[in-house]
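Per-entry structural report
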Amino acid sequence: MAAFKMRVVDIHTHMYPPSYIKILESRSAIPLVRTFPQAADPRLILLEAEVKSLEEATQDATAKLPGRPLTSHFASLAQKVHFMDTHGIDISVISLANPWLDFLSAAESGKMAESVNEEFSRMCSEHPGRLFFFATLPLTAPLETLLAAVSHVQGLKYCRGIILGTTGLGKGLDDPALLPILEAVAAAHLTVFLHPHYGLPNEVWGPRASAEYGHVLPLALGFPMETTIAVTRMYLAGVFDKVRDLRMILAHSGGTLPFLAGRIESCVLHDGQLVREGKVGKGRRTVWEVLKEQIYLDAVIYSEVGLKAAIDATGADRLMFGTDHPFFPPLETDEQGEWESVSLNAAAVTKAVGEGSGEATAIMGGNAISILRLDQD
Ligand code: 5CU
């Protein structure tokens, strides 16, 4: 009998297809791609926290470069497959990276979503069985266009869900106007991959951040808090009860939700307004219940401490390995070799649940295969 082999699945792995990069190259406000005479690679500038350094580098050729180098890892399918092979990844569920189509006008976003989703579909078809994808929705488009986009991606063979930011239609994910979309997504058996982009307002980071602290504060703290706030707002608005079939994978192991769920629960229980309005009575599902029934978490948290909290919150059967490629490349070793950001996440799984354990096999790939139906064409 053949020896059992653990299959590794990366559910958190992004790309910007060439057509999307072209749009970024044509833009003068973030998100954008810009070439600077002092650097070989163009720079990809995405975050609000990078606006100040963009202005400085535009005015002063000696200033530090904004954003991150736009290497072939962001747009090349061959590079994605090379990365998978280098890290022993059998299957990747690829998704457009932030900020998706959030910055396009209502008139532009529907067509662009269709073409980006077709492009992802075509890339997956070049590597059958190895690549699946989370589609992108044209959130700035009218409801009709949005619902048509859900139907479109439901019919794409390798699509297994949609990647969603936290702004929804512009007012967040607790906006009642978003409910028909979430209902349509759930009815289509598409899993939502919730991913942050906007972080927290720049002022929170203080006056030294832009010059002295690189991207650490917005990425390490802003992103996870953004996810935590978005999901807590959904919980408080009753979205999970209203769309009972909604299934969401939360990026970065749920931000800080596994750690803060108890505090959220306690604040709900002790809130005079919620109690008076009858929102805390019998039949209320707790945050813990929602986490175990409708939420999955990726395992992109880089340490066993965070991973253990994530496992405790949702169960090891709801966690899925991810890399966040092409973000967080090695800075001092060859980008074509192994990435420390990947080995940190893999080591966290081993340390949290034991090398070769059933739970490790599940988190590294088994869960994703069954939850996202990756055994089916
Ligand atoms: O490094 C970054 O800015 C990012 C980003 O923008 N999106 C992401 O998924 N990871 C890191």
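These notes cover the structure that comes with them. Since the model is a prediction, treat every value here as computed from it, not as a measurement.

About the thresholds
Residues numbered from 1 in each chain as written. Predicted model: local features only at pLDDT ≥ 70, side-chain atom pairs only at ≥ 80, totals over all residues. Heavy atoms only, no water. Near = heavy atom within 4 Å. Polar contact = N/O pair within 3.5 Å; in protein donor to acceptor, adjacent residues only side chain to side chain. Areas by Shrake-Rupley, 256 points an atom, 1.4 Å probe, with all protein chains shown as cover. 1 Å grid on protein atoms, 1.4 Å probe; cavity = no way out; pocket = protein on both sides within 12 Å on 5 of 7 lines; lining within 4 Å. Sits in = over half its atoms within 2 Å of the grid points. Helix = DSSP H or I, 4+ residues; strand = E, 2+ residues; numbered from the N terminus. Contact = heavy atoms within 4.5 Å. Points joined across faces, edges and corners; volume = space filled by probe spheres on them. Nonpolar A, V, L, I, M, F, W, Y, C, P; charged D, E, K, R; others polar. Axes fitted to C-alpha atoms, helices over the stretch in contact; angles between N-to-C directions. Parallel < 35°, antiparallel > 145°, perpendicular 65-115°, else oblique.

A separate point is the site of the ligand. What surrounds the ligand is the set His 14, Leu 46, Leu 47, Arg 68, Asn 98, His 195, Leu 219, Phe 223, Asp 324, Phe 327 and Phe 328. The contact in question runs from an oxygen atom of the ligand to an N or O atom on the side chain of Asp 324, over 3.1 Å. Its free accessible area being 280 Å², the ligand has 97% of it covered by the protein chains. With respect to the pocket detection grid, the ligand is positioned in the largest pocket.

We now examine the environment of Leu 65. Summarising the element assignment, Leu 65 is placed in the loop between helix H2 (51-59) and strand S4 (68-69). Apart from the residues lying within four places of it in its own chain, the contact partners of Leu 65 are Phe 36, Gln 38, Ala 39 and Arg 43.

All right, on to the layout of surface pockets then. Space inside the largest pocket adds up to approximately 1,200 Å³. Lining the largest pocket are 41 residues; nearest its centre among them are Leu 219, Ala 220, Tyr 302, Phe 327 and Phe 328. For the lining of the largest pocket, the secondary structure elements donating two or more residues are S4, helix H8 (216-236), helix H10 (257-269), helix H13 (304-314) and helix H14 (340-353). Here the lining of the largest pocket takes six residues from H8, the largest share from any one element. Classifying every residue of the lining of the largest pocket gives 23 nonpolar, 13 polar and five charged. Forming the walls of the second largest pocket are 20 residues, and the residues nearest its centre are Ala 49, Glu 50, Ala 209, Ser 210 and Gly 214.

Turning our attention to the packing of H10 against helix H12 (residues 287-294). Remark: H10 packs on H12, axes separated minimally by 9 Å, with the N-to-C direction vectors making an angle of 140 degrees. By the angle between their axes, H10 is oblique relative to H12. Within the contact between the two elements, H10 uses Leu 257, Pro 258, Ala 261, Gly 262, Ile 264 and Glu 265 and H12 uses Val 287, Trp 288 and Leu 291. Of the residues belonging to the contact of H10 with H12, the class tally is seven nonpolar, one polar and one charged.

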